[in-house]
Amino acid sequence: MSAKKSCKCTSKTRNACGNCSRLRMVFLMDFELGSIQNPVYYSFQAEDRKYKDDKVLAEQMFERLSKLHRGRYHKIEVYDNQASGKPKLLEFKKNETL
Ligand SMILES: [Zn+2]
């Protein structure tokens, strides 16, 4: 992946950004929703700065997002959006906590 920046984020940007956010979270939706793309979210940059620990940051995201998808997903995957290769950091199933 190129490191070229195609956004206008600064060190004060608060919202999520596919380039700059620290974490990328994917909700793997239930099979019955098979025609729907698995939703992908990026962490809020304000929270990236606030929470140094990836797990704590992921918990904040999950608290916010799980309400949107209540009961409709079976697994959540969390990736490091900044490391090269974007390795998976965490993975948990519905009804599990991080
Ligand atoms: Zn950005």
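Model, not experiment: these values are computed from the prediction.

Asker: Any chance you could break down the overall build of the protein for me, citing the residues and the numbers?
Answerer: When its secondary structure is counted, the protein shows two helices and four strands. Expressed as a percentage of the 98 residues in the protein, the buried residues total 21%.

Asker: Please set out the nonpolar core residue by residue, giving values where relevant.
Answerer: In summary, soluble globular proteins display a tendency toward joint burial of nonpolar side chains. By size, the foremost hydrophobic cluster in this structure holds 13 residues, and its most contacted members are L23, M25, Y41, A58, M61, I76 and V78. Broken down by secondary-structure element, the contributors of at least two residues to this core are β1 (23-29), β2 (40-42), α2 (54-66) and β3 (73-80).

Asker: So, the sheet that holds β3: which residues are in play, and what are the values?
Answerer: Judged by pairing direction, the sheet is antiparallel, and its four strands sit side by side in the order β2-β1-β3-β4 without closing on themselves. At either margin of the open sheet sits one strand with a lone partner, and together these are β2 and β4 (88-93). Each neighbouring strand pair of the sheet contributes to a mean axis angle of 20°, computed without reference to strand direction. Strands β1, β2, β3 and β4 of the sheet are contacted by α2, whose axis makes an angle of about 45° with β1.

Asker: Which residues make up unusual backbone geometry, and what are the values?
Answerer: For residues besides glycine, phi is generally negative; the peptide bonds are generally trans as well. The backbone of K86 sits at a positive phi, close to 45°, despite the residue not being glycine. Mapped onto the elements of the fold, K86 is located in the loop between β3 and β4. Looking at K86, the number of C-beta atoms within 10 Å reads 12, which means it is exposed.

Asker: Before we move on, can you summarise the environment of V40 with the specific residues and values?
Answerer: One can find V40 in strand β2. Sequence spacing of V40 and F27 is 13 residues, and the spatial spacing of their C-alpha atoms is 6.6 Å. In this structure V40 touches R24 and V26, once residues within four positions along its chain are discounted.

Asker: Residues and numbers for the confidence of the model for the protein, please.
Answerer: The predicted coordinates ought not to be read in detail in places where the model reports low pLDDT. Predicted confidence across the protein gives a mean pLDDT of 88, with 87% of residues reaching 70 or more. Across the protein, the element-wise mean pLDDT spans from 92 in β4 up to 98 in helix α1 (residues 45-50).

Reading the values: the criteria
Residues numbered from 1 in each chain as written. Predicted model: local features only at pLDDT ≥ 70, side-chain atom pairs only at ≥ 80, totals over all residues. Helix = DSSP H or I, 4+ residues; strand = E, 2+ residues; numbered from the N terminus. Buried ≥ 20, exposed ≤ 12 C-beta atoms within 10 Å, placed from the backbone. Core = buried A, V, L, I, M, F, W, Y, C linked by C-beta atoms within 7 Å. Pairing = 2+ DSSP bridges. Axes fitted to C-alpha atoms, helices over the stretch in contact; angles between N-to-C directions. Contact = placed C-beta atoms within 7 Å. pLDDT = per-residue confidence, 0-100.

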